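# Close look at the chain arrangement
Chain residues, written in single-letter form:
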Amino acid sequence: MMNKNAKIFIAGHEGMSGAALVRSLKTAGFNYLVTRSSSQLVLTNQSEVRKFFLQEKPEYVFLAPVKEGGILANINYPAELIYMNLQAQTNIIHFACEAKVKRLLFLGSSCIYPKFCLQPMREEALLTGLLEPTNEAYAIAKIVGIKMCQAYNKQYNTNFISVVPTNIYGPHDNFDLKTSHVIPGLIRKFYQAKIERKKEVLIWGSGASRREFLFVDDFADACLFLMNNYNQSEIINAGYGKDISIRELALIIKDVTEFDGELIFDDTKPDGMPHKLLDTNKMNKLGWYAKTDLKKGLIKTYAWFKEI
Ligand SMILES: NC(=O)c1ccc[n+]([C@@H]2O[C@H](COP(=O)([O-])OP(=O)(O)OC[C@H]3O[C@@H](n4cnc5c(N)ncnc54)[C@H](OP(=O)(O)O)[C@@H]3O)[C@@H](O)[C@H]2O)c1
């Protein structure tokens, strides 16, 4: 269990998950939080990260920084993605070990599982098949992070754990239409259509594919839960436990944003994988379940988006 006075470093605290982790930790009474913006501490810079860990000596580390940017970044900037993510996480894991950090939580991603993985995706499926080629660079960096934590645990007896979250959404998400994921992208589209009094919103694909979404505050809660209750090297999934079709999701967002026009599904555009859902049995057996239903999470996300 983390002591309430423990010194905790949240790497990537200005991102969606990092900001939620700070909120959750503060609410739970942890006040000795250490944060650095990307301009104060460049995580890809080895000597800066080394100096930071030797000076600050945090006891616990949440490793949440990431370079990402949706499918376009995956296709156009794979070199940047693999370099930035590998470099930043490698520096943090290595110097966390040197600084004798008590526990570190590495944040993976469900794209580490094979493209044709049996659904729902179980932890054992890791490295059992080829990855989806469009996000291979990002997924490989994540797999290296997981394997690096396991290697350090073996050789240096560290306590570095890895969680594999499903798609996350919520306040501080990226709402830029060029690089956003499906939920913030749809929220922005519906909002703009409402403001511009458009009669319809065009959505890529048939709407039939099914995806799983976890509200970011629930994800932060899962991370705290794992930091306190899980100490195995094997990865563990964190998901909502249920999936939804993109059509149903779009209808909820239409409702939440109060857009009163039509939805047009462009089925000439690709749907991607028909189905993607994490198996959350392992986490549920430990006693953790997501609390926020999709509509409630979307209402909170939309409220935050309208303020920015
Ligand atoms: N979002 C999802 O649906 C999802 C799904 C599965 C897994 N995950 C994982 O969950 C974690 C958090 O994701 P997120 O979507 O919450 O992140 P995010 O909102 O994109 O935020 C990432 C943060 O990392 C910082 N960062 C990136 N590179 C950095 C560097 N070199 N030095 C310092 N800071 C750097 C960014 O700062 P700047 O903006 O200042 O660069 C930003 O504040 C990641 O490991 C991600 O892979 C996310």
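Anyway, here's the lowdown on the structure attached to this text. (Residues numbered from 1 in each chain as written. Predicted model: local features only at pLDDT ≥ 70, side-chain atom pairs only at ≥ 80, totals over all residues. Heavy atoms only, no water.)

### Section: helix 7 (residues 216–229)
Compared with an ideal rise of 1.5 Å per residue, which puts 14 residues at 20 Å, helix 7 spans 20 Å between its outermost C-alpha atoms and is within 8% of the ideal. The element helix 7 is extensively covered by neighbouring structure, given that eleven of its 14 residues are classed as buried. (Helix = DSSP H or I, 4+ residues; strand = E, 2+ residues; numbered from the N terminus. Expected span 1.5 Å × (residues − 1). Buried < 20%, exposed > 50% of the residue type's maximum accessible area, 1.4 Å probe, protein only.)

### Let's talk about helix 1 (residues 16–27)
Each turn of an α-helix holds 3.6 residues, which means side chains three or four residues apart point in the same direction. Look at helix 1: 17 Å from first C-alpha to last across twelve residues, which is about the 16 Å you get at 1.5 Å a residue. Of all the twelve residues making up helix 1, nine are buried; the element is thus mostly covered by neighbouring parts of the structure. Taken together, the buried positions of helix 1 are occupied by Met-16, Ser-17, Gly-18, Ala-19, Ala-20, Leu-21, Val-22, Ser-24 and Leu-25. Residues of helix 1 that are buried sit in contact with strand 1 (8–11), strand 2 (33–34), strand 3 (60–63), strand 4 (103–107), strand 6 (167–169) and helix 7. With its phi angle positive at about 95°, Gly-29 sits one or two positions after the end of helix 1. (Contact = heavy atoms within 4.5 Å.)

### Things to note about the side chain of Ser-110
As for its placement among the helices and strands, Ser-110 is situated in the loop between strand 4 and helix 5 (136–156). With residues near it in sequence (within four places) discarded, Ser-110 still touches Met-121, Val-164, Pro-165, Thr-166, Lys-276 and Leu-278.

### Focus on the site of the ligand
Around the ligand sit 23 residues in total, of which Met-16, Ser-17, Ser-38, Tyr-138 and Lys-142 are the nearest. The contact in question runs from an oxygen atom of the ligand to an N or O atom on the side chain of Lys-142, over 2.7 Å. A distance of 2.8 Å is found between an oxygen atom of the ligand and a backbone nitrogen or oxygen belonging to Ile-168. When residues of the shell around the ligand are traced back to their parent elements, those giving at least two are helix 1, helix 5 and strand 6. Its residues assigned to classes, the shell around the ligand shows ten nonpolar, ten polar and three charged. (Near = heavy atom within 4 Å. Polar contact = N/O pair within 3.5 Å; in protein donor to acceptor, adjacent residues only side chain to side chain. Nonpolar A, V, L, I, M, F, W, Y, C, P; charged D, E, K, R; others polar.)

### As for the nonpolar core
Core analysis: the biggest nonpolar cluster contains 40 residues, and Phe-53, Ile-92, Ile-93, Leu-104, Tyr-113 and Phe-160 have the highest contact counts within it. At the level of secondary structure, the elements contributing two or more residues to this core comprise strand 1, helix 2 (46–56), strand 3, helix 4 (78–98), strand 4, helix 5 and strand 5 (160–165). Those residues in contact with Phe-53, other than ones at most four positions away along the chain, are Phe-9, Pro-58, Val-61, Ile-92, Phe-95, Ala-96, Ala-99 and Val-101. (Core = buried A, V, L, I, M, F, W, Y, C linked by side-chain atoms within 4.5 Å.)

### Thoughts on the packing of helix 2 against helix 4
Angle between the axes and distance between the axes: these two values describe a pair of packed helices. Running from amino to carboxyl end, helix 2 crosses helix 4 at an angle of 35°, the nearest separation of the two axes being 9 Å. As helix 2 runs across helix 4, the sense of the crossing is right-handed. Facing helix 2, whose interface residues are Gln-46, Val-49, Arg-50 and Phe-53, helix 4 presents Asn-91, Ile-92, Phe-95, Ala-96 and Glu-98. Its residues assigned to classes, the contact of helix 2 with helix 4 comprises five nonpolar, two polar and two charged. (Axes fitted to C-alpha atoms, helices over the stretch in contact; angles between N-to-C directions. Left-handed = near helix turned anticlockwise from the far one by under 90°.)

### With respect to the pattern of salt bridges
With the rule as written, the count across this model stands at twelve salt bridges. In this structure, Glu-124 and Arg-122 form a salt bridge, with 3.4 Å as the shortest nitrogen-oxygen distance. Relative accessible area serves as the criterion here: at 48%, Arg-122 is assigned to the partly exposed category. Between Lys-291 and Asp-221 there is a salt bridge, with its nearest N and O atoms 2.8 Å apart. A residue pair is termed long-range when its members are at least 10 positions apart, and Lys-291 in the loop between helix 9 (281–286) and helix 10 (294–307) and Asp-221 in helix 7 qualify at 70 residues. (Salt bridge = Lys/Arg side-chain N within 4 Å of Asp/Glu carboxyl O.)

### Things to note about unusual backbone geometry
The omega torsion of the bond from Gln-119 to Pro-120 falls at -15°, within 30 degrees of zero and hence cis. Note on placement: Pro-120 falls in the loop between strand 4 and helix 5. The phi angle at Lys-57 is positive, at roughly 45°, despite the residue not being glycine. Mapped onto the elements, Lys-57 comes out in the loop between helix 2 and strand 3. Take Lys-57: its relative accessible area is 47%, and that puts it in the partly exposed class.

### Some words on the packing of helix 8 (residues 246–257) against helix 10
Between helix 8 and helix 10, whose axes approach to 10 Å, the crossing angle comes to 45°. Between helix 8 and helix 10, the angle is such that the two are oblique. As helix 8 runs across helix 10, the sense of the crossing is right-handed. Where helix 8 approaches helix 10, its residues Leu-249, Ile-252, Ile-253, Asp-255, Val-256 and Thr-257 are matched on the opposing element by Leu-294, Lys-295, Leu-298, Ile-299 and Tyr-302. Here the contact of helix 8 with helix 10 is built from residues that sort into eight nonpolar, one polar and two charged. (Parallel < 35°, antiparallel > 145°, perpendicular 65-115°, else oblique.)

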